Structures are given as C-alpha cells and as structure tokens.
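Listed here are the chains, written in short residue letters.
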Amino acid sequence: MEFKDYYKVLGVARNASQDDIKKAYRKLARKYHPDVSKEHDAENRFKEVAEAYEALGDPEKRAAYDQLGSGWRTGQDFQPPPGWHGGGAGRTHAHEFTAGDAAQFSEFFESLFGRGRGGFASFADSDHDASSMGSDHHARIAIDLEDAFHGATRQLSLREPKFDASGRVTMQERILSVRIPPGVRSGQHIRLAGQGEPGRGGQRGDLYLEVVLNPHPLYRVDGKDLHLTLPVAPWEAALGGEVEVPTPAGTVSMKVPANSANGRRLRLKGRGLPGTPAGDLYAELQIAWPPAHSEKARELYRTMAREMAFNPRKAMGA
Amino acid sequence: MRHSELTGTLLGEQGVMTLAQVCRVCRVREETIVELVAEGITEPAGTEQGQWWFDPTGARRLHIAIRLQRDLGVNPAGAALALDLMEEIDRLAVRVQRG
C-alpha cells in the first residue's frame, strides 16, 4: 500500500501544535467539503483531509504515526513495521465535529490504526445489532447530466468487512453494477435493499446510493428543470422568430417573441429531466452582438445609429 | 467477471419522503430533523410530526444541513444561512455564465 504524509496533507510542520493542526483541518474542511466546494475533486480531497485529521488530531494516534519517522514520502510503497500495534485501534477520539462520512478510511490508515468508526454515531448502529445483522452502507456516485437524462448502468466499488470463522475481520472489495434510472435528480437516493454491509450473522443492511450530478458546461440543473443561457442575435430578439435551442435530447425549435429584452426567460415545457411530470427547460436570452470587424459591419451599425434615434441613457438624464 | 445489474428503489420519487425515511437516509435521530425543521431549513407537509412528509428539495436541504453540522461544526442556524447563501450563489452563477 502507499504511504500517506498526513502532515503534508494538512500543510503543517511535523512539530505543529494540536491547535495548529485543528485550525489547518477546519480551514481545509471548509474549502473541500463536497456540499460547499467548487474545487476540482473536492470529495476525495475532503476525505484525504479528514483522514489526516483523524490521525494527527488524536495525540495517541499522532504519536504512533510519528514513530514511523520522517523518512517516508507520499506514494512510497509501505508496510507497517513488524510488531506494530496502532495507537487506539478501534477507539476514536472526541472531535468537536467528526471528520467526514462514516469511516471509509484508506488501507494505509487501517493498517496503522485498525478499523474504527470515525467517532460518528451511526443511526443504523443504534437500531441494528451491528455485530450480527450488518449495517447500512452509504455511498455516493457522480454521474453526468446525460446519464441522468437517459439512464445508465454504473459500476461501484465498495470496501466492506469480511468475517472469517473465528470472527476476525478483514476488509475486502466488492464490485456492484447498479442501474441509474432516467430522470434521477441530483441528491436523490437509490435504496438497494440487502446490499449494505454484512454483519457477523451474514445478514446485510441496505445500501443507500446518493446520486450527484457533475456540473454541465451548458445547463444548470434545478431539480428536474434545466436552465440555459441562450445567445440570440439582435434581430432575432427585436423581430422575433424561430431559433434552435440545444437540449439533452437534441436541438429543438423555439419561438422568440418580437421585442424580447435581454434576460428574458422562455420556457420549453417538458424539455428538462424526464419524469411524471417531466421538468422544463428555461432559456434566458442573452443578446450577442456581431463584432464590427469589417467596413460593411461598421457601415450597418452607423446606419442603425443614424436611422434609429435611440438613447439608452435617456431615463438617466444623460 | 460480469456482475448482474442491480435496480434499487428511487427514494422520494412519488414526490415525498416520510420522517422515518429521511432519518434513515441521513442517519440521524428524529430529534435532529425536528430541530432543523424548527430552524426553518424546510417545511414538511402534515400537521403532526407523525404525519410529516418531505418533498425532495426539502429532504436534500436537510441532508446538506446535517452534513455541514457533522463535518464543519456549523450549528442549525448557521446551516440554514449557509444553505440560503449557496442557493443564491447558484442563481447568480448562471447569470455570469456567459459574461
């Protein structure tokens, strides 16, 4: 497995105080939290930061990690030294707030500290007897708008405990193939009964898969509706007419009323995400001006200026 | 190795989720949801707590609020403010899209 330099992840020196570590974590947590962040790859960065804080924020774990010494570099091939036993394996320390979604720590972390639960009081644990019945597994999957529109099948890789005959636990990888139905909204959950984590008794909880839509270059998604900024020519806005509008299902023809102002929103009913009812597509008109790059273009503009007696600043008294 | 394709249940597809469903998906107790509703994060349908229904947008706001509390140490009032600000940012973002 690969070594992780947790000090580097948090951007602190090896002799940083616990306060400095906490401050660094909070700042990075705010920056990369998936619900808030616009950063590239925010979710993985957040998990990385959360894991680093789980290791360094607890003095016991930090002391154990420091024993590995400063000679290791991130990505380097690593095995725990012989006779290693992690600091506070399975026990977690009290944060003021816990670091991230229920404990999917890396192999590196688990090899050092065992498989704790990240201090997060799971709702599922309180109602299920986690030792025999298994618990719910929550995972997230990012898809493109096109997948949400047409539906898709996605492979999912989950890590879960495996119990051997003597009750010892190892982590194993499990691959699932999941159907994403068309019309799924961002943030919606798919419940796969009986596909969660197994308990000692072999029974599994449920798998809750949260679907998240990747940002799209053209459309902003709002529930089932799509929003689009649509460039139109000045004559299309002034005179009205039919314009071609892109939609996920292909281009459609839309009528622009005459004398449409910049920013006017027009609705294409039923052209959003599919469903009962289907969402709508809203096109906000943005007038785009032909550049005055040629003498002919400049002459046309001069004609307009001459013939149209138009002062857009009249109401301002200018 | 081919894995057989699994099809699950899309939650909230009928347009509503129950309090119990929201609790299970968000992995919190009912009291947590009650507190967030009191803060105005979302307005469930139904008069009594036992009859509460949440629309998908409201359920999503609750889930985000819970994650902000859990991961960033925000309290319910701060979570409500953060949600409102994030929605405002989304609205503004589309306006500057083709700046």
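Keep in mind it's a predicted model, so treat the numbers as computed, not measured. (Residues numbered from 1 in each chain as written. Chains lettered and ligands numbered in written order. Predicted model: local features only at pLDDT ≥ 70, side-chain atom pairs only at ≥ 80, totals over all residues. Heavy atoms only, no water.)

**Observations concerning the environment of G205 of chain A**
Residues and elements named next belong to chain A.
Part 1: By secondary structure assignment, the location of G205 is in the loop between β4 (189-192) and β5 (207-213).
Part 2: Taking the C-alpha atoms as reference points, G205 and L192, 13 residues apart in sequence, are found 9.3 Å from one another.
Part 3: Not counting chain neighbours up to four residues away, the residues in contact with G205 comprise M133, G134, S135, D136, G194, Q195, G196 and E197. (Helix = DSSP H or I, 4+ residues; strand = E, 2+ residues; numbered from the N terminus. Contact = heavy atoms within 4.5 Å.)

**Regarding the packing of helix α1 (residues 19-26) of chain B against helix α3 (residues 56-72) of chain B**
Residues and elements named next belong to chain B.
Part 1: The contact between α1 and α3 brings their axes to 10 Å, and the two run at 35°. Relative to α3, the crossing made by α1 is right-handed. When α1 is examined against α3, the residues V22, V25 and C26 are found in contact with a partner set consisting of A59, L62, H63 and I66.
Part 2: For the contact of α1 with α3, a count of residues per class yields six nonpolar, one polar and no charged. (Axes fitted to C-alpha atoms, helices over the stretch in contact; angles between N-to-C directions. Left-handed = near helix turned anticlockwise from the far one by under 90°. Nonpolar A, V, L, I, M, F, W, Y, C, P; charged D, E, K, R; others polar.)

**Considering the sheet that holds strand β11 (residues 281-287) of chain A**
Residues and elements named next belong to chain A.
Part 1: Sheet architecture is open: four strands sit in the order β6-β7-β11-β10, paired in mixed fashion. Both outer strands of the open sheet, β6 (219-222) and β10 (265-268), are each paired with one neighbouring strand and no more. Across the sheet, the axes of successive neighbouring strands diverge by a mean angle of 30°, strand direction being ignored. (Pairing = 2+ DSSP bridges.)

**Some thoughts on the confidence of the model for chain A**
All names here are of chain A.
Part 1: Taken residue by residue, chain A gives an average pLDDT of 85. The fraction at 70 or more is 88%.
Part 2: Low pLDDT, under 50, characterises residues 88-102; the predicted model gives this stretch 49 contacts beyond four residues in sequence or across chains.
Part 3: Low confidence marks residues 117-130, where pLDDT is under 50. Its contacts with residues over four positions away, or in another chain, come to 33 contacts. (pLDDT = per-residue confidence, 0-100.)

**Side note on the nonpolar core**
Part 1: Counting residues in hydrophobic clusters, the biggest one holds 54 residues, and the most contacted among them are L10 and Y65 of chain A together with I33 of chain B.
Part 2: Element by element, the count of residues in this core is highest for α3 of chain B, at seven residues.
Part 3: Those residues in contact with Y65 of chain A that sit more than four places away from it in its chain are F3, K4, D5, Y6, Y7, L56, W84, F108, L112 and F113 of chain A.
Part 4: Counting residues in hydrophobic clusters, the runner-up holds 37 residues, among them V184, L228, V245 and L285 of chain A. (Core = buried A, V, L, I, M, F, W, Y, C linked by side-chain atoms within 4.5 Å. Buried < 20%, exposed > 50% of the residue type's maximum accessible area, 1.4 Å probe, protein only.)

**Structural notes on the pattern of salt bridges**
Part 1: Taken as a whole and judged by the stated rule, the model has 25 salt bridges over all chains.
Part 2: Across the pair R140 of chain A and E210 of chain A runs a salt bridge whose closest N-O atoms are separated by 3.2 Å. Residue R140 of chain A is located in strand β1 (residues 137-143), and its partner E210 of chain A is located in strand β5; the two are separated by 70 residues in the primary sequence.
Part 3: By relative accessible area, which is 21% here, R140 of chain A ends up partly exposed.
Part 4: Members of the salt-bridge network, linked through shared partners, are D35, E43, K47, R140 and E210 of chain A together with R67 of chain B. (Salt bridge = Lys/Arg side-chain N within 4 Å of Asp/Glu carboxyl O.)

**Here's the deal with the layout of surface pockets**
Residues and elements named next belong to chain A.
Part 1: Approximately 600 Å³ is the volume attributed to the second largest pocket.
Part 2: In this structure, the second largest pocket is lined by 21 residues; those nearest its centre are P234, A238, W289, M304 and M308.
Part 3: Contributing elements (two or more residues each) for the lining of the second largest pocket: α9 (234-239) and α10 (295-308).
Part 4: With six residues, α10 is the single largest residue contributor to the lining of the second largest pocket.
Part 5: Of the residues contributing to the lining of the second largest pocket, the split by class is 18 nonpolar, three polar and no charged. (1 Å grid on protein atoms, 1.4 Å probe; cavity = no way out; pocket = protein on both sides within 12 Å on 5 of 7 lines; lining within 4 Å. Points joined across faces, edges and corners; volume = space filled by probe spheres on them.)

**Comments concerning the side chain of R61 of chain B**
All names here are of chain B.
Part 1: If you trace the backbone, R61 turns up in helix α3.
Part 2: A residue is classified by how much of its surface remains accessible, and R61, at 12% relative accessible area, is buried.
Part 3: At 3.3 Å, the side chain of R61 and the side chain of D84 are in polar contact.
Part 4: Each residue touching R61, except ones within four places of it in the same chain, is listed here: G40, I41, L83, D84 and E87. (Polar contact = N/O pair within 3.5 Å; in protein donor to acceptor, adjacent residues only side chain to side chain.)

**A few points about a positive patch on the surface**
Residue and element names in this part refer to chain A.
Part 1: Taken together, the side chains of K23, K27, R30 and K31 make up a positively charged region of the molecular surface.
Part 2: Relative to the helices and strands, K31 is located in helix α2 (residues 18-32).
Part 3: Judged by relative accessible area, which is 41%, K31 ranks as partly exposed. (Patch = residues over 30% accessible without salt bridge, like charges linked within 9 Å, V, L, I, M, F, W, Y side chains within 5 Å. Areas by Shrake-Rupley, 256 points an atom, 1.4 Å probe, with all protein chains shown as cover. Lys, Arg positive; Asp, Glu negative; His and termini not counted. Charge placed at Lys NZ, Arg CZ, Asp CG, Glu CD.)

**Description of the sheet that holds strand β3 (residues 169-180) of chain A**
Part 1: Strand order in this open sheet of three strands is β2(A)-β3(A)-β1(B), and the pairing throughout is mixed. With partners counted over all chains shown, the strands left at the sheet margins are β2 (152-163) of chain A together with β1 (5-6) of chain B, one partner each.
Part 2: The sheet contact formed by β3 of chain A and β1 of chain B spans two bridges and is parallel. Its bridge partner being in β1 of chain B, V178 of chain A is matched across the sheet by L6 of chain B.

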